[in-house]
Amino acid sequence: MNGLDILAFGAHPDDVEIGMAGTIAKHTAQGFKVGICDLTEAEMSSNGTVDLRREEAKQASVALRLSVRENLRLPDRGLQVCSEHIDAVVEVIRRHRPRIVFMPYWEDRHPDHIQCSRIVQEAVFNAKLRRYLPELDAHLVEQVYFYFINDVASAQLLVDVTAVYDMKRAALHAYASQFTKPDGSGTFVATPLNQGYVERVEARDTLLGQTRGFAFAEGFVVKGPYAVSSFL
C-alpha cells in the first residue's frame with residue numbers, strides 16, 4: 001500500500017501551518033500526498049473552543065489540499081515523552097508510512113512544541129523496530145526535518161514558497177479564533193497570537209526569503225549531514 005509522501009506533526013492545530021504551510025502547499029500542488037497529525041485539540045487555548053478549532057483545522061486542510069489529517073487527542077499542556085504518547089505517534093507513522101516526517105524545532109518558547117518534537121523523534125526511531133509493537137509492520141522514515149513555530153534558529157534549508165503563499169495565508173486565516181479579534185460581544189482574551197502574530201509570521205518568511213532572493217521562504221533544520229547526489 002502506498003503511503004504518504006510527507007507527514008507533518010504539530011502539538012496543536014495551526015502549529016504546522018505556522019511553520020510550513022507554504023512547503024505543504026507547494027508539494028500538494030505538485031500532486032504529492034501530504035498529511036498532518038495534531039497531537040492535541042488545543043483545549044487549553046484562551047480563545048475559541050475545541051469544536052471551533054476542529055472546524056478551523058478542516059478549513060485549513062482544504063486550503064492546503066491535504067490527503068489526510070488526524071488528531072491524537074493527547075492532553076494539551078500534558079504532553080510527555082512516555083510510552084503512551086510515543087506509541088500513539090508510532091501507530092500513526094506505521095499506518096501512513098510517510099517517506100518524510102516533519103516536526104517542530106526542538107527549541108521553542110512553548111513547552112508543548114518542545115515535547116512534540118521529542119515525542120516524534122522517539123517515535124520515528126521506534127517505528128523502524130520490527131519487534132516494537134509488532135502488530136503493525138515496522139516503517140523506516142527516509143528523512144526527518146524540523147520546522148520553526150515561534151523561535152527561529154539558523155535555517156539550514158530554505159524552500160521558496162512565493163508562488164503558493166496565498167495558500168499559506170488562507171490556511172492561517174482559517175484559524176480566526178486564534179489570530180483575530182472576533183466581532184461582536186463574547187469572551188475574548190488578548191494573547192500574542194491575536195496581536196499581529198500572522199503579520200509577524202509573514203515578516204519572518206519575507207526575511208528568510210530575502211537571504212536567497214525569494215519573496216517568501218520557509219526554513220528548516222536537519223540533524224546530522226544532509227546528503228545530496230551532486231552539487232549541479
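Up top is the structure these notes are about.
Note that the structure is a prediction, hence the values are computed from the model and not measured. Counting of residues starts from 1 at the beginning of each chain's written sequence and follows it residue by residue. Predicted model: local features are reported for residues with pLDDT of at least 70 only, side-chain atom pairs are reported and counted for 80 or more only, and whole-chain, interface and lining totals are derived from all residues. For side-chain calculations, the full set of non-hydrogen atoms in the structure is used, while hydrogens and water are omitted.

## As for the sheet that holds strand 3 (residues 68-74)
Across a sheet, paired strands are connected by hydrogen bonds in the backbone, their directions being either parallel or antiparallel.
No. 1: Judged by pairing direction, the sheet is mixed, and its seven strands sit side by side in the order 3-2-1-4-5-7-6 without closing on themselves. Unpaired on one side and paired on the other, strand 3 and strand 6 (157-160) mark the two borders of the sheet. Mean inter-strand twist for the sheet, computed between neighbouring axes without regard to direction, equals 25°.
No. 2: The contact criterion used is simple: two residues touch if any of their non-hydrogen atoms lie within 4.5 Å. Fitted lines through C-alpha atoms serve as axes, helices being fitted only where they are in contact, and the angles separating the N-to-C directions of these axes extend from 0 to 180 degrees. For helices the rule is a DSSP run of H or I covering at least 4 residues; for strands it is a run of E covering at least 2, with both sets numbered from the N terminus onward. Against the sheet, helix 3 (residues 83-96) contacts strand 1 (6-10), strand 2 (34-40) and strand 3, and its axis sits at roughly 165° relative to strand 3. Should DSSP find at least two bridges between two strands, the strands are regarded as paired.

## Comments concerning the packing of helix 5 (residues 165-173) against helix 7 (residues 197-210)
No. 1: The geometry of helix 5 relative to helix 7 is characterised by a closest axis approach of 11 Å and an angle of 155° between their N-to-C directions. The orientation of helix 5 with respect to helix 7, classified from their angle, is roughly antiparallel. Seen along the crossing, helix 5 lies across helix 7 with a hand that is right-handed. Along the contact surface, helix 5 presents Tyr165, Lys168, Arg169, Leu172 and His173, while helix 7 presents Val198, Val201, Glu202, Arg204 and Asp205. Each angle gets one of four labels, with under 35 degrees taken as roughly parallel, over 145 as roughly antiparallel, 65 to 115 as roughly perpendicular, and the rest as oblique. The hand of a helix crossing depends on one turn: near helix anticlockwise from the far one by less than a right angle means left-handed, and clockwise means right-handed.

## Observations concerning the pattern of salt bridges
No. 1: We define a salt bridge as a side-chain nitrogen of Lys or Arg found within 4 Å of a carboxyl oxygen belonging to Asp or Glu. All told, the structure shown has 18 salt bridges when counted by the stated rule.
No. 2: Close ionic contact of arginine 95 with glutamate 70 constitutes a salt bridge, the shortest N to O distance being 2.6 Å. Highlighted residues: arginine 95 in helix 3 and glutamate 70 in strand 3, separated in sequence by 25 residues.
No. 3: Arginine 109 is paired through a salt bridge with aspartate 151; the nearest N and O atoms lie 3.6 Å apart. Taken together, the residues arginine 109 in the loop between strand 4 (100-104) and helix 4 (111-127) and aspartate 151 in the loop between strand 5 (143-147) and strand 6 connect sequence positions 42 residues apart.
No. 4: Salt bridges sharing partners connect three or more residues here, namely Glu41, Asp51, Arg54 and Arg73.

## Focus on the pairing of strand 1
No. 1: Burial classes: relative accessible area under 20% of the type maximum marks a residue as buried, over 50% as exposed, and values in between as partly exposed (1.4 Å probe, protein chains only). With five of its five residues buried, strand 1 lies for the most part within the structure.
No. 2: Burial of the side chains of strand 1 extends over both faces: Ile6, Ala8 and Gly10 are buried on one face and Leu7 and Phe9 on the other.
No. 3: Pairing analysis gives five bridges linking strand 1 to strand 2, with the strands arranged parallel. Paired with isoleucine 6 across the strands is valine 34, a residue of strand 2.
No. 4: As a crossover connection, the stretch from strand 1 through helix 1 (residues 15-29) into strand 2 is right-handed. If you view a crossover with the strands going away from you and the path from the first strand over the helix to the second runs clockwise, you call it right-handed.

## A short note on the pairing of strand 5
No. 1: Counting buried positions over the five residues of strand 5 gives four, a clear majority of the element.
No. 2: Taken together, the five bridges between strand 4 and strand 5 define a ladder with parallel strand orientation. Among the inter-strand pairings, methionine 103 is bridged to a residue of strand 5, identified as phenylalanine 146.
No. 3: A crossover connection joins strand 4 to the parallel strand 5 through helix 4; in handedness this β-α-β unit is right-handed.
No. 4: Here two bridges tie strand 5 to strand 7 (residues 217-221), and the two strands are oriented antiparallel to one another. Among the inter-strand pairings, phenylalanine 146 is bridged to a residue of strand 7, identified as valine 221.

## A closer look at unusual backbone geometry
Excluding glycine, a negative phi dihedral is what most residues carry, and trans is how most peptide bonds are arranged.
No. 1: With a phi close to 55°, arginine 73 is a non-glycine residue in the positive phi region.
No. 2: Checked against the element boundaries, arginine 73 lands in strand 3.
No. 3: Arginine 73 gets classed as exposed once you look at its relative accessible area, which sits at 58%.
No. 4: For arginine 77, which is not glycine, the phi dihedral falls at a positive 65°.
No. 5: As for its position among the elements, arginine 77 is in the loop between strand 3 and helix 3.

## Details of the state of the cysteines
Among covalent bonds in proteins, the disulfide is the one between the sulfur atoms of two cysteines.
No. 1: Here, the term disulfide refers to a pair of cysteine sulfur atoms separated by no more than 2.5 Å. Summed over all chains, the structure comprises zero disulfides.
No. 2: For the unlinked cysteine cysteine 37, the closest cysteine sulfur is that of cysteine 116, found at 8.4 Å.
No. 3: Of the residues examined, cysteine 37 reaches a relative accessible area of 0% and is grouped as buried.
No. 4: Relative accessible area serves as the criterion here: at 0%, cysteine 116 is assigned to the buried category.

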